[in-house]
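Chain residues, written in single-letter form:
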Amino acid sequence: MKVLVIGGGGREHALVWKLSRSPRVDKIFCAPGNAGIAEIAECLDIKADDIDSLLNFAKYEGIDLTVVGPEAPLTEGIVDVFVKEERRIFGPDKSGARLEGSKVFAKDFMLKYGLPTAEYKMFTSYLHAEEYIRLKGAPLVIKADGLAAGKGVFVCKTVDEAIDSLKVIMKEKAFGAAGSRVVVEQCLKGEEASFMILTDGKTVIPLATSQDHKTVFDGDKGPNTGGMGAYSPAPVITKKLHATIMKTVIDPLMKGLKRERINYRGVIYAGLMICDGKPFVLEFNCRFGDPEAQPLLMRLDSDLFDMLKATAEGKLENIQVSWKDDAAVCVVLASKGYPGDYEKGRVIKGLDEFTGKMNPVIFHAGTSMSKGKVVTSGGRVLSVTALGKDIMTARENAYDAIEKIHFQGMHYRKDIGDKAIKIE
Ligand code: AMP
Ligand code: GLY
């Protein structure tokens, strides 16, 4: 079978890596991929949101399954286009991808179907939003409605901060049309966790739990990033809490999707805040988390190709999913300046030692080749991911590996896994 993976981050490297282990998969293409992916797949010079070129390639090459990594092509309707042309593709259609593509849609959906979430109000007028912020008082969370590459959410401790964020979104239009509507939301306090399911619209398979680290500095300080590290499982999600999440979040979510006539096929990622033992939904994503996919896929025992193909075909009822007992920890190595403007083109040293190794695995994100050397080309550069008998061991394995890797300006969090160890 021939597979095309769309995207070029750490998540896509992990998807390609795991797919390449399937006996059913003969050849993998990746658009656009990165220097690490190029070692195990053929990378294409096609952007992840160039839907016409991706479809033409899939037709020309006779691709059996296309797997969409990032949200942008999903919200643009890549799945609708492929399905119309009878091409097998993994991911939700445009109507399903609205769960991530519009915060207003997601919040209204949660309210309508009774999912636990923070209180909120939606505004299209700057003046009304400002008035409401002054009335409510801080802390508050201000969110741009549309996609903003993970940068459209502001957790504000003061009213001034909230109004400044509102200005950035609605007046300066920092995220363009994504900021023509805003959600002003109650600020929740608690422990975050990522809860992903695989669904074909009928069957639901919960995936292993995980936890991201959103901010750039240790101790959850500094600005938000795409994610600086993750571990799986997330011990904050106990067996009892897992059952509560299935009952109070996933069941009404699936019922709501049915009512709205959305035939969702793909991953649904619920970003949760656990407050006093109760789950609240902060957001939905319509794809695997990045970096959560990296530890998750290293723990996966089952054949990923079978899982994704069955999902795309609506035959998930035939699939059993099993996980290694081992825990996994992923630490992201980032470029100097990230999550702001960052440096590029720095030579990465120490990667050769890990080539072909099963543990740890160095997943690439912002890397490319220059004059025969692997160099940095993005903000998040590498996801160093390791297995271990528990989180503490996996964590040690990941940080030991990092000792051997270097590029100028490299920075990373030193506390990935600490929270889990406290709970474990
Ligand atoms: P989102 O993209 O909606 O997940 O928001 C990004 C991050 O902002 C989340 O991972 C949380 O850390 C934080 N956040 C979002 N909504 C809230 C909320 N209502 N209360 C507290 N923190 C939030
Ligand atoms: N790690 C957060 C995300 O994928 O959105």
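Computed from a prediction, not measured in an experiment: that's the story for all the values here. (Residues numbered from 1 in each chain as written. Chains lettered and ligands numbered in written order. Predicted model: local features only at pLDDT ≥ 70, side-chain atom pairs only at ≥ 80, totals over all residues. Heavy atoms only, no water.)

### Focus: the overall build of the chain
Then, number 1: Looking only at helices and strands, one finds 13 helices and 22 strands in the chain.
Then, number 2: Its C-alpha atoms give the chain a radius of gyration of 21 Å, within 12% of the compact-globule value 22 Å for 424 residues.
Then, number 3: Along the first, second and third principal axes, the C-alpha atoms of the chain reach 60 × 45 × 45 Å.
Then, number 4: Across the 424 residues in the chain, those meeting the buried criterion constitute 57%.
Then, number 5: Counting only carbon and sulfur atoms, one obtains 49% of the accessible surface of the chain, whose full area is about 18,300 Å². (Helix = DSSP H or I, 4+ residues; strand = E, 2+ residues; numbered from the N terminus. Rg over C-alpha atoms; globule rule 2.2 N^0.38 Å. Buried < 20%, exposed > 50% of the residue type's maximum accessible area, 1.4 Å probe, protein only. Areas by Shrake-Rupley, 256 points an atom, 1.4 Å probe, with all protein chains shown as cover.)

### Things to note about the site of ligand 1
Then, number 1: Taken together, 16 residues surround ligand 1, and among them Glu185, Gln186, Leu188, Glu192 and Glu283 come closest.
Then, number 2: Between a nitrogen atom of ligand 1 and a side-chain N or O atom of Glu185, the distance comes to 2.7 Å.
Then, number 3: Lys214 places a side-chain nitrogen or oxygen 2.9 Å from an oxygen atom of ligand 1.
Then, number 4: Within the complex, 92% of the 470 Å² of free accessible area of ligand 1 lies under protein.
Then, number 5: Listing elements by their share of the shell around ligand 1, those giving two or more residues are β7 (140–144), β8 (153–156), β9 (182–186) and β17 (278–285).
Then, number 6: Split by residue class, the shell around ligand 1 holds eight nonpolar, two polar and six charged. (Near = heavy atom within 4 Å. Polar contact = N/O pair within 3.5 Å; in protein donor to acceptor, adjacent residues only side chain to side chain. Nonpolar A, V, L, I, M, F, W, Y, C, P; charged D, E, K, R; others polar.)

### Side note on the packing of helix α7 (residues 126–136) against helix α8 (residues 159–171)
Then, number 1: The contact between α7 and α8 brings their axes to 10 Å, and the two run at 165 degrees. Here α8 runs roughly antiparallel to α7, going by the angle between their axes. Crossing handedness for the pair α7 and α8: right-handed. For the pair α7 and α8, the contacting residues are Tyr126, Ala129, Glu130, Ile133 and Arg134 in the first and Val159, Ala162, Ile163, Leu166, Lys167, Met170 and Lys171 in the second.
Then, number 2: In terms of residue class, the contact of α7 with α8 is made up of eight nonpolar, no polar and four charged. (Axes fitted to C-alpha atoms, helices over the stretch in contact; angles between N-to-C directions. Parallel < 35°, antiparallel > 145°, perpendicular 65-115°, else oblique. Left-handed = near helix turned anticlockwise from the far one by under 90°. Contact = heavy atoms within 4.5 Å.)

### Points about the site of ligand 2
Then, number 1: Around ligand 2, a shell composed of Asp212, Lys214, Gly226, Tyr269, Asn285, Arg287, Gly289, Asp290, Pro291 and Glu292 is seen.
Then, number 2: For ligand 2, the accessible surface in isolation is 200 Å², of which the surrounding protein chains cover 90%.
Then, number 3: Class assignment of the residues belonging to the shell around ligand 2 gives a composition of two nonpolar, three polar and five charged.

### Brief notes about the nonpolar core
Soluble globular proteins tend to bury their nonpolar side chains together.
Then, number 1: Counting 50 residues, the largest nonpolar core has Leu4, Ile78, Leu99, Ile250, Leu253, Leu257 and Phe284 as the members making the most contacts within it.
Then, number 2: At eight residues, helix α9 (residues 239–259) tops the list of elements feeding residues into this core.
Then, number 3: Those residues in contact with Ile78 that lie beyond four places of it in its chain are Ile6, Ile51, Leu54, Val68, Pro73 and Ile89.
Then, number 4: Counting residues in hydrophobic clusters, the runner-up holds 40 residues, among them Ala14, Cys30, Ala208 and Phe305. (Core = buried A, V, L, I, M, F, W, Y, C linked by side-chain atoms within 4.5 Å.)

### Quick notes on the packing of aromatic side chains
Aromatic rings considered in pairs are described by the distance between their centres and by the relative angle of their planes.
Then, number 1: Applying the stated rule across the entire model yields nine aromatic pairs.
Then, number 2: Their ring planes at 45 degrees and their centres at 6.4 Å tell us that Phe154 and Phe175 sit as a pair that is tilted. Of this pair, Phe154 sits in strand β8 while Phe175 sits in the loop between α8 and β9, and the two are 21 residues apart along the sequence.
Then, number 3: Members of the aromatic cluster, each reached through a chain of ring pairs, are Phe105, Phe109 and Tyr113.
Then, number 4: A cation sits over an aromatic face here: Lys171 above Tyr126, 4.2 Å from the ring centre.
Then, number 5: Above the face of the Tyr412 ring, Lys414 is positioned so that its terminal group lies 4.4 Å from the ring centre. (Phe/Tyr/Trp six-rings, centres within 6.5 Å; stacked < 30°, edge-to-face > 60°. Lys NZ or Arg CZ within 6 Å of the ring centre and 35° of its normal.)

### Quick word on the sheet that holds strand β16 (residues 266–275)
Then, number 1: With antiparallel pairing, the four strands of this open sheet are ordered in space as β11-β10-β16-β17. Looking at strand neighbours, the two that pair on one side only are β11 (204–206) and β17, the edges of this open sheet. On average, adjacent strands in this sheet sit at an angle of 35 degrees to one another, irrespective of strand direction.
Then, number 2: Pairing analysis gives seven bridges linking β16 to β17, with the strands arranged antiparallel. Counted as the bridge partner of Ile274 is Pro279 from β17. (Pairing = 2+ DSSP bridges.)

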